[in-house]
Amino acid sequence: MQRPDRVFSHAFVEARTVRWLPIFCQSGILLDFSLSGFKIEIMGSLKHKANDRFWLHLPLLPFGIHDLASIDLRAEVKWVDEDHCRIGGIFVDLDPNSKEIVERILLAISIKPNHKL
């Protein structure tokens, strides 16, 4: 199976242990994103290890999506780079509504600005 195309990003996200409690979370920068997974650079020390599950909380306004404030996607860590405080993972049980929002995010960050000289 071929991996879906990844799109580079710089959006702020949260890795939440408890879906609705931002107290137990780590902030990070979404480095790349696809329909199947992601790469995040965590700010601070890493608390996750391979096979950990968490909620990836994405505010949607920075992506130009105004009908929802945010989305929480169930994710699983597949690899950890402790030297650069990065984790990579996949989405778990992505329902059709969440998949549609992920596709909207991908469209928003893949559109290049039209520069006029």
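Residues numbered from 1 in each chain as written. Predicted model: local features only at pLDDT ≥ 70, side-chain atom pairs only at ≥ 80, totals over all residues. Heavy atoms only, no water.

> I would appreciate a short explanation of the environment of Lys49 in the present structure.
Examined against the element boundaries, Lys49 turns out to sit in the loop between β3 (37-42) and β4 (53-59). We classify Lys49 as exposed; its relative accessible area is 55%. Distance from Lys49 to Glu76, taken between C-alpha atoms, is 9.5 Å for residues 27 residues apart in sequence. Once you skip the residues sitting within four places of it in the chain, Lys49 turns out to touch Val77 and Val80. (Helix = DSSP H or I, 4+ residues; strand = E, 2+ residues; numbered from the N terminus. Buried < 20%, exposed > 50% of the residue type's maximum accessible area, 1.4 Å probe, protein only. Contact = heavy atoms within 4.5 Å.)

> What is the right way to look at the pattern of salt bridges in this model?
Pairing is possible between side chains that carry opposite charge, provided their charged atoms lie close to one another. A full pass over the atoms with the stated rule returns nine salt bridges. We note a salt bridge from Asp72 to Arg19, for which the minimum N-O separation is 3.8 Å. Of this pair, Asp72 sits in strand β5 (residues 70-81) while Arg19 sits in the loop between β1 (7-16) and β2 (25-33); the two residues are 53 residues apart in sequence, bridging distant segments of the chain. Accessibility expressed as a relative area gives 9% for Asp72, which makes it buried. You can call Arg19 partly exposed: its relative accessible area is 29%. Note that Arg104 and Glu100 form a salt bridge whose closest N and O atoms lie 3.9 Å from each other. Of the two residues, Arg104 and Glu100 both sit in helix α1 (residues 96-110), four residues apart, roughly one turn of that helix. Residue class for Arg104 comes out partly exposed when judged on its relative accessible area of 27%. Linked by salt bridges that have partners in common, Arg53, Glu76 and Lys78 make up one network. (Salt bridge = Lys/Arg side-chain N within 4 Å of Asp/Glu carboxyl O.)

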